[in-house]
Amino acid sequence: MPARIYLLHGSHPSDTVVKAFEIKGLPLKRVELPISMQPVVMKPLFGERTVPGVRFEDGEKVQGSRAILRALEQRVASPPLYDGPAGAAAIEEAERWGDEVFQAVPRRLLWAAFTKYPRAMHGFQEGARSPKLPMPVVVALSKVVLPIERRLNNVDDGVIRADLAALPAHLDQIDQYIADGVLNGEQPNAADLQIAPSVRLLYTLD
């Protein structure tokens, strides 16, 4: 039986883990949760409310993208996720920054944007395993989903203004990681997998 990942469609940390399994060449079964239901499902299963969580084939359960990547590295050493010209320490530091500092920024900006333009949520269903909901249903559900997600993700005007003000410095930090050879090498490493999905999510705000 393959490992099973519990995720939300569009979750960038979940994309980190899915790509890591792909690089390691391991099968992975996806369990997509309904939007805003992650606290109800994840806390009883894994102990915390957030996705992703992985249940490995031997029954071990690991939650959080960084913890899952480390567990995966211990199970399958090659190709390595923490090796490269910049060294393991630099990769781990960039991975930590991508998780603890940068990851939440595009998520908060996205929920703030949905608050102003709830109809945009309709297009974010592309690629989901569940049936696509029609626009009127998405708009109706947004009245319930948006307050929940804003609360879960600490989205308010002051936080969003701070995120926007800090965004150029965050992007400069990513450029520096690339210049230092930490990111964008021949083989994707853990820092690439942590940071690239967050950058990709920012692109959707266009």
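The preceding data block contains the structure.
The model shown is predicted, which means the values in this text are computed figures rather than measured ones. (Residues numbered from 1 in each chain as written. Predicted model: local features only at pLDDT ≥ 70, side-chain atom pairs only at ≥ 80, totals over all residues. Heavy atoms only, no water.)

Undergrad: In this structure, what is going on with the pattern of salt bridges? I would like to understand it.
TA: Should their charged atoms come close, side chains of opposite charge can pair. Scanning the model with the defined rule gives 13 salt bridges in all. With a shortest N-O distance of 3.4 Å, E32 and R30 are connected by a salt bridge. By relative accessible area, which is 26% here, R30 ends up partly exposed. When salt bridges with common partners are traced through the structure, they connect R66, E93, R96, D99 and E100 into a single cluster. (Salt bridge = Lys/Arg side-chain N within 4 Å of Asp/Glu carboxyl O. Buried < 20%, exposed > 50% of the residue type's maximum accessible area, 1.4 Å probe, protein only.)

Undergrad: What's the story with the sheet that holds strand β1 (residues 3-7) in this structure? I'm lost.
TA: Each strand in a sheet pairs with its neighbour through backbone hydrogen bonds, running either in the same direction (parallel) or in the opposite one (antiparallel). Across the sheet, four strands lie side by side as β2-β1-β3-β4; this open sheet has mixed pairing. Of all the strands in the sheet, just β2 (28-32) and β4 (61-63) have a single pairing partner and so form its edges. Strand-to-strand twist in this sheet, taken as the mean axis angle between neighbours without regard to direction, amounts to 20°. Seen against the sheet, helix α3 (residues 65-75) touches β3 (53-55) and β4 and runs at an angle of roughly 135° to β4. (Pairing = 2+ DSSP bridges. Helix = DSSP H or I, 4+ residues; strand = E, 2+ residues; numbered from the N terminus. Axes fitted to C-alpha atoms, helices over the stretch in contact; angles between N-to-C directions. Contact = heavy atoms within 4.5 Å.)

Undergrad: Help me out: how do you make sense of a nonpolar patch on the surface in this one?
TA: Taken together, the side chains of L133, V137 and L141 make up a nonpolar region of the molecular surface, amounting to roughly 210 Å² of accessible area. Take L141: it is sitting in helix α6 (residues 135-152). Note on L141: relative accessible area 41%, which makes it partly exposed. (Patch = residues over 30% accessible without salt bridge, like charges linked within 9 Å, V, L, I, M, F, W, Y side chains within 5 Å. Areas by Shrake-Rupley, 256 points an atom, 1.4 Å probe, with all protein chains shown as cover.)

Undergrad: Mind showing me how you'd approach the nonpolar core here?
TA: One broad rule of soluble globular proteins: the nonpolar side chains tend to lie buried together. Ranked by size, the top nonpolar core spans 43 residues in total, and within it F21, V54, F56, L69, L81 and I195 carry the most contacts. Looking at this core, the elements with two or more residues in it are β1, α1 (12-24), α3, α4 (88-102), α5 (104-116), α6, α7 (157-179) and α8 (190-203). Setting aside anything within four residues of it in sequence, one finds F56 in contact with A3, F21, V62, A71, L72 and R75. Residues Y6, L8, L33 and M42 belong to the second largest nonpolar core, which totals six residues. (Core = buried A, V, L, I, M, F, W, Y, C linked by side-chain atoms within 4.5 Å.)

Undergrad: Even after reading the chapter, I still don't get the packing of α3 against α4, so can you show me in this structure?
TA: One can describe the packing of α3 onto α4 by two numbers: an axis separation of 10 Å at closest approach and a directional angle of 145°. Of α4, the residues touching α3 (which contributes S65, R66, L69 and R70) are E92, E95, R96, D99 and E100. Along the lines of polarity and charge, the residues of the contact of α3 with α4 split into one nonpolar, one polar and seven charged. (Nonpolar A, V, L, I, M, F, W, Y, C, P; charged D, E, K, R; others polar.)

Undergrad: Before we go on, may I ask you to explain the packing of α4 against α8 in this structure?
TA: When two helices pack together, you describe them by how their axes are tilted relative to each other and by the distance separating the axes. α8 packs onto α4 with a crossing angle of 35° between their chain directions and a minimal axis gap of 7 Å. Relative to α8, α4 is oriented so that their crossing is left-handed. Note on element contacts: α8 touches α4 through A190, A191, Q194, I195, S198, V199 and L202, opposite I91, A94, E95, W97, G98, D99 and F102. (Left-handed = near helix turned anticlockwise from the far one by under 90°.)

Undergrad: Looking at this model, I keep getting lost on α1. Mind explaining?
TA: A rise of 1.5 Å per residue sets the reference length of α1, with its 13 residues, at 18 Å; its end C-alpha atoms lie 19 Å apart and thus fit the reference within 8%. By the burial criterion, the buried members of α1 are H12, P13, S14, T16, V17, A20, F21, I23 and K24. As for α1, its buried residues are in contact with β1, β2, β3, α3, α5 and α8. The positive-phi residue at the C-terminal boundary of α1 is G25, with phi of around 75°. (Expected span 1.5 Å × (residues − 1).)

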